[in-house]
Amino acid sequence: MKKFILISLALLFKTASAQLCFSPPFNQQVVSNCNSVITDDFNQDGFADVATVSGAANSVSVLFGTGLGNMTNLDSTVVDSLPYMLTSADFNNDGYPDIATSNYTDRSVSILLNNGAGTFTGAVSYNAVINYTIGYGTYAITTGDFNGDSNIDIAVANSTGLGSFSILLGNGAGVFGPPTGFVIGNQPVSIISADFNNDGIADIACTHYSPSKVSISLGNGSGGFISPGSFAAGSNAESVSAADFNGDSNLDLAVANFGSSNISVLLGDGTGGFIFQTNYPAGNHPFCVITGDFNNDLKTDIATANMLSSDISIILGTGTGSFSSTYNFPAGAQPHSLVTADFNMDGKADIATGNWQATNTSILLSCLVTDIKPNNTISEVLVYPNPTNGLFKITSPEKQTVQLYDITGKLVLNKIINGSADIDASELENGVYLLTIKNNAGISNQKLIITR
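These lines cover the structure that appears in this document, whether it is placed above or below.

Conventions and cut-offs
- Residues numbered from 1 in each chain as written.
- Predicted model: local features only at pLDDT ≥ 70, side-chain atom pairs only at ≥ 80, totals over all residues.
- Heavy atoms only, no water.
- Helix = DSSP H or I, 4+ residues; strand = E, 2+ residues; numbered from the N terminus.
- Core = buried A, V, L, I, M, F, W, Y, C linked by side-chain atoms within 4.5 Å.
- Buried < 20%, exposed > 50% of the residue type's maximum accessible area, 1.4 Å probe, protein only.
- 1 Å grid on protein atoms, 1.4 Å probe; cavity = no way out; pocket = protein on both sides within 12 Å on 5 of 7 lines; lining within 4 Å.
- Points joined across faces, edges and corners; volume = space filled by probe spheres on them.
- Nonpolar A, V, L, I, M, F, W, Y, C, P; charged D, E, K, R; others polar.
- Pairing = 2+ DSSP bridges.
- Axes fitted to C-alpha atoms, helices over the stretch in contact; angles between N-to-C directions.
- Disulfide = S-S within 2.5 Å.
- Phe/Tyr/Trp six-rings, centres within 6.5 Å; stacked < 30°, edge-to-face > 60°.

**Considerations on unusual backbone geometry**
Along the chain, Tyr 384 connects to Pro 385 via a cis peptide bond; the corresponding omega equals -10°. Residue Asn 386 is joined to Pro 387 through a cis peptide bond whose omega torsion reads 15°. When you line up the elements, Pro 387 lands in the loop between β29 (382-384) and β30 (391-395). Notably, Asn 236 is not glycine yet its phi reads approximately 55°, a positive angle. Residues other than glycine seldom take positive phi values, yet Leu 298 does so here, at roughly 65°. For Leu 298, the location among the structural elements is in the loop between β22 (286-292) and β23 (301-306).

**Some details on the nonpolar core**
Counting 34 residues, the largest nonpolar core has Phe 91, Val 109, Ile 111, Ile 154, Phe 165, Ile 191 and Ile 204 as its most contacted members. Those elements that place two or more of their residues in this core are β6 (83-89), β8 (108-112), β10 (136-144), β11 (153-160), β12 (164-168), β14 (188-194) and β15 (203-208).

**Describing the layout of surface pockets**
Estimates place the volume of the largest pocket at around 780 Å³. Ile 38, Leu 86, Ile 141, Ile 192 and Ile 290 are the residues nearest the centre of the largest pocket, which is lined by 34 residues in total. Its residues assigned to classes, the lining of the largest pocket comprises 18 nonpolar, 15 polar and one charged.

**Observations regarding the sheet that holds strand β33 (residues 421-424)**
The three strands are arranged β29-β30-β33 in an open sheet whose pairing can be described as antiparallel. Looking along the sheet, the strands with just one partner apiece sit at the ends: β29 and β33. Strand-to-strand twist in this sheet, taken as the mean axis angle between neighbours without regard to direction, amounts to 20°. Relative to β30, β29 is paired through three bridges, and the arrangement is antiparallel. Looking at β30, one finds that Val 383 is bridged to Ile 394.

**Comments concerning the state of the cysteines**
On inspection of all chains with the given rule, the structure shows one disulfide. Of all cysteine sulfurs, the one in Cys 34 lies closest to Cys 288, which takes part in no disulfide; the gap is 13 Å. Classification of Cys 288 as buried rests on a relative accessible area of 13%.

**Section: the packing of aromatic side chains**
Geometrically, a pair of aromatic rings is defined through the distance of the ring centres and the angle of the planes. Under the criterion given, the structure shown has 17 aromatic pairs. Ring centres of Phe 22 and Phe 329 lie 5.3 Å apart, and the angle between their planes is 70°; on these two criteria the pair is classed as edge-to-face. Placement of the pair is Phe 22 in the segment before β1 (26-29) and Phe 329 in strand β25 (residues 323-330), with a sequence separation of 307 residues. Put simply, the rings of Phe 146, Phe 165, Phe 182 and Phe 225 pair up and form one aromatic cluster.

Put into structure tokens, the structure is as follows:
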């Protein structure tokens, strides 16, 4: 018989997707309000870290993951005026992920090179726009190899003026050349790079806030792009993500529509063209969209950060290009962006949000219902609620040894219980703990989240 971890706060929604759930947001302090969040392993310890950028503080904050779902050791670096978004890649080919920011006011890109320990050199900035008549207001940023030299290049969306994106070619040593601009139309506000026509060359997709659309610019392999094609989306297209939603090996698009509070799905034809599929509801004013497998069914799902409802939406994919119901989970104050990674090393996709109206990032750990019994040898055990305020219950017919370890590996609770018992860990601080339950049949390990 399978044993289920019971989740508090009614976070299990709808019988059809009863396994989908996320813990309440666990907030991690950063320097100031978050415009954007990314994830990478910046200190190369095997755990997912988080970096955020703050336009108010003109800085990048890096938080280092512990592998237990929380972050430690905030590090901050100053960049140019009003940085809006950030991305990571290895710009100098030393094997460490570096960071680049798009700076709206200074119309520039700042490069922060990683010293290998997850700390960064002072920012070096490059102009993102030379001809201001074709576009300025450097808004969004992405990376790719646009000229085929195996070095990482940068692309930024310039949201004002005629509307354009700029390409800055990297030399592989962390240095970038002057920008080359491509006019694509009014108000491009997000940008991604992928191969949309299956020719092995990096292309560009941008969302345009008004008039709302997605533009596709196909790369020529030498750093140039042909005139873009455009495809309709919902109202005020704010963000775009690419994945294969229907299993045909062609990249499709998901677009977050800020004005209409929904997601547009556009199916790719493999030649750089897209067919509008349908719209799916999201939370109130989605500002960012990503893709991932959030219910472990090997099908690509969609997630959005919803600014005005301060939550995230998960839209489950069917694997055929269509999507089922939308499920909402609370996040921090006005989440502006989100990323996915396995922050607690349990094999499930977790989420981090960058919160516009808070000086923090929120970590939402996946709490998919799982069998906590190793090799079907341990007797029935129920642990609930989890997350908990420190008071939780273990239900079991057998004598158990219950132990809690903190993130440093220190034993902070050790009890022997006969059958069911109430456990009081209220003296412990908020955080993620390892709960070990032992009996004659075996050992069960799981994460216990304490949050108040």
